[in-house]
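# Coordinate analysis (summary)
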Amino acid sequence: MLYQDTVEAEVLVHKPWFIAAVFAVVLAVFLAFNITDTTVGELMRPVIGDPLKSGLYGRFAIAFMIAVMFCFNLVLIGFAPLKVQIGVVWFELLILFLAFFESFDLSLPFIWENLPYLITQGVVTTVYVSAISLVFASVIAIVGAVAKLSSNGFAYAIASFYTSFFRGMPLLMQIYLIYLGLPQLGIVMDAVPSGILALSLCIGAYMTEIFRSGIASIDRGQWEASRSMGFGFGLTMRRIILPQALPVIIPPMGNMFIGMLKDSSLVSVLGVWELTFLARTIGQPTFHHMEMLIAAAIIYWIMTVCLELIQSRIERFFARSKVR
């Protein structure tokens, strides 16, 4: 269901056939992998004996126990309200991820020692490079979208060539071409401006299509009505078209900004002291690669979660007129 049903219906996870199907799938999946030599096998030692000598019986017993626990957990969660279900599932998945990371035998003191520097230098650099690139990309996208929607063949040709060219090349290649190619023309740029320019041009090409589709979603009659009222192009865009197009534009635009936040890691090849570069540089001398990479990954995830929450608030703000 795309929307919550207003009619009381039986919960899917409380139907026997669904639980049986889930049980069979989970059992088959864990039978396919031998996890008797893991912590789970040690926990099942009272049942299966020595995990390394338990053979097929041990694998089946572990898979059976996991399938039972998974289905039991699924049924219990189905009794809770929606928000409680979401919170419980998030908590359980977080525990599983922490247990997975714990299996790497990480040096937590090393992570805590370098975490402040990762945040004060790496996160700050990543955020401001991404934010500045987003501003420039948005300006490029608006101009490109208007050009692609115009009847001017020259403007349309330039905009379509731009979007085709920059969407057709990998971002890493664009970074290299700008940083190493522009000096051949006598234009020497530092690493940070080169990275911002590459991100702006690449993301701007994708956002051009987002803005174009958002503007094109507004009925043509809106333009004609504004013209009949004597509104010029700029006033029509600012007061009539863009306010209606923003609910269509914001979701993919938010996704593009989240993608840009992660794509900014590619500017690390230019020596920019952003999050990925620092994580790799700090971990390399002491061979604590995994500690720094996992710390950087979690920081990236936290930043994207914050952006998702902001995007959700903005979407609700612009969609308030559609709430029934």
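Structure's up top.
Quick summary incoming for the structure in this document. (Residues numbered from 1 in each chain as written. Predicted model: local features only at pLDDT ≥ 70, side-chain atom pairs only at ≥ 80, totals over all residues. Heavy atoms only, no water.)

## Quick word on the nonpolar core
Under the convention used in this document: By nonpolar core is meant a set of buried Ala, Val, Leu, Ile, Met, Phe, Trp, Tyr and Cys residues that side-chain atoms within 4.5 Å join together. Only protein chains enter the calculation, and the probe is 1.4 Å; a residue is then buried if its accessible area is under 20% of its type maximum, exposed if over 50%, and partly exposed in between. Here a strand is any run of E in DSSP of at least two residues, a helix any run of H or I of at least four, and the numbering for each starts at the N terminus. Contacts: residue pairs with any heavy atoms within 4.5 Å of one another.
Residues Leu118, Met207, Met260, Leu275, Met292, Ile299 and Met303 are the most contacted members of the largest nonpolar core, which totals 56 residues. Secondary structure elements with two or more residues in this core: helix H6 (108-149), helix H7 (153-167), helix H8 (171-181), helix H9 (191-216), helix H11 (233-263), helix H12 (275-283) and helix H13 (289-318). Per-element accounting of this core gives the leading share, 12 residues, to H9. The residues touching Met260, leaving out its near neighbours within four places in the chain, are Ser130, Ser133, Leu134, Ala137, Leu199 and Ile203. If you look at the next biggest cluster of nonpolar residues, it comprises seven residues, including Val22, Val26, Ala63 and Cys71.

## Focus on the pattern of salt bridges
Selection criterion: The term salt bridge refers to a pairing of a side-chain nitrogen on Lys or Arg with a carboxyl oxygen on Asp or Glu at a separation within 4 Å.
The final tally for this structure, using the stated rule, is three salt bridges. The shortest N-O distance in the salt bridge between Glu209 and Lys148 comes to 2.6 Å. With Glu209 in helix H9 and Lys148 in helix H6, this residue pair connects regions lying 61 residues apart in the sequence. Considered together, Glu209 and Lys148 belong to a single accessibility category, that of buried residues. Its salt-bridge partner being Glu209, residue Arg212 comes within 2.8 Å of it at the nearest N-O pair. Placement of the pair is Arg212 and Glu209 together in helix H9, with a separation of three residues, close to one helical turn. Among the residues examined, Arg212 registers a relative accessible area of 26% and is labelled partly exposed. The class for Glu209 is buried, based on a relative accessible area of 14%.

## Things to note about helix H4 (residues 55-77)
Threshold: Multiply 1.5 Å by the residue count of a helix minus one, and that product is the helix's expected span.
For H4, built from 23 residues, the straight-helix expectation of 33 Å at 1.5 Å per residue is met to within 8% by its first-to-last C-alpha distance of 33 Å. The complete set of buried residues in H4 reads Gly58, Ala61, Ile62, Ala63, Ala67, Cys71 and Ile77. Buried positions along H4 lie against helix H1 (16-31), helix H2 (39-43), helix H3 (45-48) and helix H5 (82-102).

## So, the packing of H1 against H4
This is how the line gets drawn: Here the axes come from fitting lines to C-alpha atoms, over the contacting stretch only for helices, and the angles between their N-to-C directions go from 0 to 180 degrees. Crossing handedness: left-handed means the near helix sits turned counterclockwise from the far one by under a right angle, and right-handed means the same turn made clockwise. Each residue is assigned to one of three groups, with Ala, Val, Leu, Ile, Met, Phe, Trp, Tyr, Cys and Pro labelled nonpolar, Asp, Glu, Lys and Arg labelled charged, and all others, Gly among them, labelled polar.
Contact geometry for H1 and H4: axes closest at 8 Å, N-to-C directions at 145 degrees. Read as a crossing pair, H1 and H4 show a hand that is right-handed. In this structure, H1 contributes Phe18, Ile19, Val22, Phe23, Val26, Leu27, Phe30 and Leu31 to the contact, and H4 contributes Arg59, Phe60, Ala63, Phe64, Ile66, Ala67, Val68, Phe70, Cys71, Leu74 and Val75. Split by residue class, the contact of H1 with H4 holds 18 nonpolar, no polar and one charged.

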